[in-house]
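These are the residues of each chain, in order.
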Number of protein chains: 2
Amino acid sequence: MAIRVGIFGYGNLGRGVECAIKHNQDMELAAVFTRREPSKLKVLTEGARVCSVNEAPSMKDQIDVMILCGGSATDLPKQTPEMAKYFNVVDSFDTHARIPEHYEAVDKAAKESGHVGIISVGWDPGMFSLNRLYANAILPEGKDYTFWGKGVSQGHSDAIRRIEGVKDARQYTIPVDTALDAVRRGTNPELNTREKHTRECFVVANEGADLKAIETAIVTMPNYFADYDTTVHFITEEELLRDHAGIPHGGFVIRTGATGWENENKHVIEYSLKLDSNPEFTASVIAAYARAAFRLSREGQKGCKTVFDIAPSYLSAADGSELRKHML
Amino acid sequence: MAIRVGIFGYGNLGRGVECAIKHNQDMELAAVFTRREPSKLKVLTEGARVCSVNEAPSMKDQIDVMILCGGSATDLPKQTPEMAKYFNVVDSFDTHARIPEHYEAVDKAAKESGHVGIISVGWDPGMFSLNRLYANAILPEGKDYTFWGKGVSQGHSDAIRRIEGVKDARQYTIPVDTALDAVRRGTNPELNTREKHTRECFVVANEGADLKAIETAIVTMPNYFADYDTTVHFITEEELLRDHAGIPHGGFVIRTGATGWENENKHVIEYSLKLDSNPEFTASVIAAYARAAFRLSREGQKGCKTVFDIAPSYLSAADGSELRKHML
């Protein structure tokens, strides 16, 4: 019997989860939950049920795992603990600094209701975190580096859109090749913000807007751009839609470290992602962890977990002996 | 209290484990076990106990985890199940085809004695296996590629040494850059053996040996070299010792796959290692899993496990809340 998955929130991530369910033979879409008027929402899956978020609690016996697809700022801190009262849940909460409190809230709700909640699933947090952990455990003496990109940063694109005179914008975060190479050579460089990434912005200005003022507003913006070498390109709306419609991303997690009696041998562990679609990849990671949530729950486990707490075999549709035979 | 680790077998891997224990503050070397005369074995750790392998069973209360450092061909199939009668054990059994039977043997012994046994730990099998599993779970529709090198293959070096007229030899396995690049571009190439790796051999011949005959014997050797583009260099013994004393290795695990409703988005997941010392890195992975064996055993678990069965958090000396705060 397939794992019955619910999708709570139908933006880019929710659609990504819908696609991921299609790619996993042992899963089926039970329902999509939306805050919009359900009858007006068109989903990709033929015949799929679309419900109001308010109906979710009443469907607790029809869904094995509910995947929360809202945003980390305001949606998930409320929705994940709330839904954990009724379902096994998985979310992609990515506000790193607030993970401990989110963990506590989900843990409490999930333990009380007897469900499994897996939070902060995706690639960072998620696969990148896993690779940091594995590499740190293997090389206790070493140094971690994380680079992001080349990819679209939604937060930075939004920040540009809020500037007066800007109609639309797309911002790419780009790792600096020379910094990456220095890290890979094992020279353990100390890299400041500016040395690790550059930022490239494609901006559609309103007619008659002051381009010079927009550019200055971008490159001097604190936190977002002031600490980076930032390039601004003004383009037409057509160009933006034609050349910058995708949501690519990716990055690199590298740990360099030493072994040997006198630290005489150096090692480089590198994990990298190159993604055409950030939300679809995130959704694909989430789908694998939804399988884990289902299985852990069936084993009687409950409470909040992260990618750190889950044995890799739970992610695979294959059983242990198959995995040992073909993948070990 | 530190985790008391025993080292069973003191070759390159055993010495690597000894170094790894030094790098992990929560571990201490309890004893080294050798088949040689213990009084003649000099280890790196000041004051460390060196014992005969026959003494091991009598020390079962003094060792938390025994690390088996023998070879996969004949040592580990006997030693790991035998030692699992007395200890939690970790080994690096790497004969992929025989993993299922080794698993069964260790599982039986460990379950009967109430210990945890973790087999096939290292980088391949080990970290590479983990990355294959994670990547397959995330991208069910895709293609796996594993490349090894640049690094020294012990088995191939030994095969050359068995040729008449050869005094010593070192063989490097080298991934083909153009193949790697094609894989990374996501073109899903079908690559045969010759297209993935080349082999480079550095050979010291006996005086008066027939160099042409040695070269022919190497490049036409079935299984080992015949299917590869192989280069043979004759060098002096001094050059071999000077330029080829290290045991570097490494490699790449890459999975490319598609997501989206119509598979319209492509993704590349890549994990790579660049290692100065193959045995020391393997030993470092083993040390992390020795920690896991200790903890799992303390939780009351027993039987055989592989890297697939162990949640990443068990590898780290830090506790769950620390990991969530700083590494997620």
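Residues numbered from 1 in each chain as written. Chains lettered and ligands numbered in written order. Predicted model: local features only at pLDDT ≥ 70, side-chain atom pairs only at ≥ 80, totals over all residues. Heavy atoms only, no water.

Caption draft 1: Fine view of the confidence of the model for chain A. Per-chain confidence: chain A averages 97 in pLDDT, with 100% of residues scoring 70 or above. This prediction of the complex comes with two scores: 0.96 for pTM and 0.96 for ipTM. (pLDDT = per-residue confidence, 0-100.)

Caption draft 2: The arrangement of the interface of chain A and chain B in detail. Counting residues at the interface gives 67 residues for chain A and 67 residues for chain B. Summed over both partners, the interface of chain A with chain B comes to about 6,100 Å²; 64% of that surface belongs to carbon and sulfur atoms. Summed over the shared surface of chain A and chain B, the number is zero salt bridges. Elements that contribute at least two residues to the side of chain A that touches chain B include exactly α1 (12-23), α3 (99-113), α4 (127-138), β12 (249-259), β13 (265-275), α10 (278-298) and α11 (320-326) of chain A. A total of eleven residues in the side of chain A that touches chain B trace back to one element, the largest contributor, which is β13 of chain A. (Contact = heavy atoms within 4.5 Å. Buried area = accessible area lost by both parts, 1.4 Å probe. Salt bridge = Lys/Arg side-chain N within 4 Å of Asp/Glu carboxyl O. Helix = DSSP H or I, 4+ residues; strand = E, 2+ residues; numbered from the N terminus.)

Caption draft 3: Region of interest: the relation of the copies chain A and chain B. The transform that puts chain A on chain B rotates by 180 degrees and translates by 0.0 Å along the axis, for an RMSD of 0.0 Å. The two molecules are tied by a two-fold rotation axis, judged by turn and shift. Across chain A, the rotation axis passes nearest the C-alpha of Ala311 of chain A, at a separation of 1.9 Å. Take the interface residues of chain A: 100% of them recur as interface residues in chain B, which is what a same-surface contact looks like. (Least-squares fit on C-alpha atoms with pLDDT ≥ 70 in both.)

Caption draft 4: Seen up close, the UniProt feature "domain: Meso-diaminopimelate D-dehydrogenase C-terminal" (unreviewed entry) in chain A. With numbering matched to this structure, UniProt assigns "domain: Meso-diaminopimelate D-dehydrogenase C-terminal" (unreviewed entry) to residues 122-277 of chain A. The annotated region residues 122-277 of chain A carries 31% helix and 36% strand content, and the separation between its end C-alpha atoms amounts to 12 Å. (UniProt positions renumbered as here; feature names shortened; annotations may be inferred.)

Caption draft 5: Just the sheet that holds strand β4 (residues 65-68) of chain A, in detail. All names here are of chain A. Reading across from one edge, β3-β2-β1-β4-β5-β6-β14 is the order of the seven strands in this open sheet, with parallel pairing throughout. In the strand order of this sheet, the two ends are held by β3 (50-52) and β14 (303-305), each with one partner. For this sheet, the mean inter-axis angle between neighbouring strands, taken without regard to orientation, is 25 degrees. Note that β4 and strand β5 (residues 88-90) share three bridges and pair parallel. From the neighbouring strand, Ile67 faces β5, where its bridge partner is Val90. Across the face of the sheet, α1 comes into contact with β1 (3-8), β2 (27-34) and β4 while running at roughly 165 degrees to β1. (Pairing = 2+ DSSP bridges. Axes fitted to C-alpha atoms, helices over the stretch in contact; angles between N-to-C directions.)

Caption draft 6: Highlighting α10 of chain A. Residue and element names in this part refer to chain A. Spanning 21 residues, α10 covers 31 Å between terminal C-alpha atoms, matching the ideal 30 Å at 1.5 Å per step. Counted residue by residue, α10 has 19 buried out of 21 residues, so it is predominantly covered. Where α10 begins, the side chain of Ser277 points an oxygen toward the backbone nitrogen of Glu280, at a separation of 3.1 Å. Residue Gly300 follows α10 closely and has a positive phi angle near 95 degrees. (Expected span 1.5 Å × (residues − 1). Buried < 20%, exposed > 50% of the residue type's maximum accessible area, 1.4 Å probe, protein only. Polar contact = N/O pair within 3.5 Å; in protein donor to acceptor, adjacent residues only side chain to side chain.)

Caption draft 7: Molecular detail of the packing of α4 of chain A against helix α10 (residues 278-298) of chain B. In the contact formed by α4 of chain A and α10 of chain B, the axes pass within 8 Å of each other and the chain directions differ by 105 degrees. As far as their axial angle goes, α10 of chain B and α4 of chain A are roughly perpendicular. Contact residues: α4 of chain A offers Tyr134, Ala137 and Ile138 of chain A, while α10 of chain B offers Phe281, Ser284, Val285, Ala288 and Tyr289 of chain B. Grouping the constituent residues of the contact of α4 of chain A with α10 of chain B by class yields seven nonpolar, one polar and no charged. (Parallel < 35°, antiparallel > 145°, perpendicular 65-115°, else oblique. Nonpolar A, V, L, I, M, F, W, Y, C, P; charged D, E, K, R; others polar.)

Caption draft 8: Structural view of the environment of Phe294 of chain A. Residue and element names in this part refer to chain A. Among the secondary structure elements, Phe294 is positioned in helix α10. In this structure Phe294 comes out as buried when scored by relative accessible area, which is 16%. Residues Phe294 and Ala31 lie 263 residues apart in sequence; the distance between their C-alpha atoms is 16 Å. Not counting residues up to four positions away in its chain, the partners in contact with Phe294 are Ile3, Asp64 and Val65.

Caption draft 9: Quick peek at the pattern of salt bridges. All names here are of chain A. In total, this model carries 36 salt bridges over all chains according to the counting rule given. The closest approach of N and O atoms between Lys60 and Asp61, which form a salt bridge, is 3.9 Å. For Asp61, a relative accessible area of 58% puts it in the exposed group. With a closest N to O distance of 3.0 Å, Glu237 and Lys167 form a salt bridge. One end of the pair, Glu237, is in helix α9 (residues 237-243); the other, Lys167, is in strand β9 (residues 166-175), with 70 residues separating them in the sequence. Under the relative-accessibility criterion, Glu237 is labelled partly exposed at 33%. Each of Asp158, Arg161 and Asp168 takes part in one network of salt bridges that share partners.

Caption draft 10: Spatial organisation of the sheet that holds strand β10 (residues 197-205) of chain B. Residues and elements named next belong to chain B. Spatially, β8-β9-β10-β11 is the arrangement adopted by the four strands of the open sheet, whose pairing is mixed. Pairing within the sheet leaves two strands with one partner each, and these edge strands are β8 (151-152) and β11 (229-234). Relative to β11, β10 runs parallel, the two sharing six bridges. Bridging from a neighbouring strand, Val203 pairs with Phe234 of β11. Those strands touched by helix α5 (residues 154-161) are β8, β9 (166-175) and β10, and its axis lies near 145 degrees from that of β9.

Caption draft 11: Local environment of the packing of aromatic side chains. Considering all chains together, one arrives at eleven aromatic pairs over all chains under this definition. With a centroid separation of 5.2 Å and 80 degrees between ring planes, the pair formed by Trp123 of chain A and Phe128 of chain A is classed as edge-to-face. Note on Trp123 of chain A: relative accessible area 6%, which makes it buried. Under the relative-accessibility criterion, Phe128 of chain A is labelled buried at 0%. Ring centres of Tyr86 of chain B and Phe87 of chain B lie 6.3 Å apart, and the angle between their planes is 65 degrees; on these two criteria the pair is classed as edge-to-face. Counting every residue linked through ring pairs, the aromatic cluster contains Trp123, Phe128 and Tyr271 of chain A. (Phe/Tyr/Trp six-rings, centres within 6.5 Å; stacked < 30°, edge-to-face > 60°.)

Caption draft 12: Spatial organisation of the pairing of strand β2 (residues 27-34) of chain B. All names here are of chain B. Most of β2 sits inside the fold, with six of its eight residues counted as buried. Across six bridges, the pairing between strand β1 (residues 3-8) and β2 is parallel. Paired with Ile3 across the two strands is Met27, which belongs to β2. As a crossover connection, the stretch from β1 through helix α1 (residues 12-23) into β2 is right-handed. Across three bridges, the pairing between β2 and strand β3 (residues 50-52) is parallel. Note on β3: the bridge partner recorded for Thr34 is Ser52. (Right-handed = clockwise from strand over helix to strand, strands pointing away.)

Caption draft 13: Structural view of the nonpolar core. In terms of nonpolar packing, the biggest core is built from 160 residues, with Phe33, Met66 and Tyr289 of chain A together with Phe33, Met66, Val90 and Tyr289 of chain B touching the most fellow members. Here Tyr289 of chain A is in contact with Val90, Ile118, Val121, Leu130, Val307, Ile310 and Leu315 of chain A together with Tyr134 of chain B, once residues within four sequence places are set aside. (Core = buried A, V, L, I, M, F, W, Y, C linked by side-chain atoms within 4.5 Å.)

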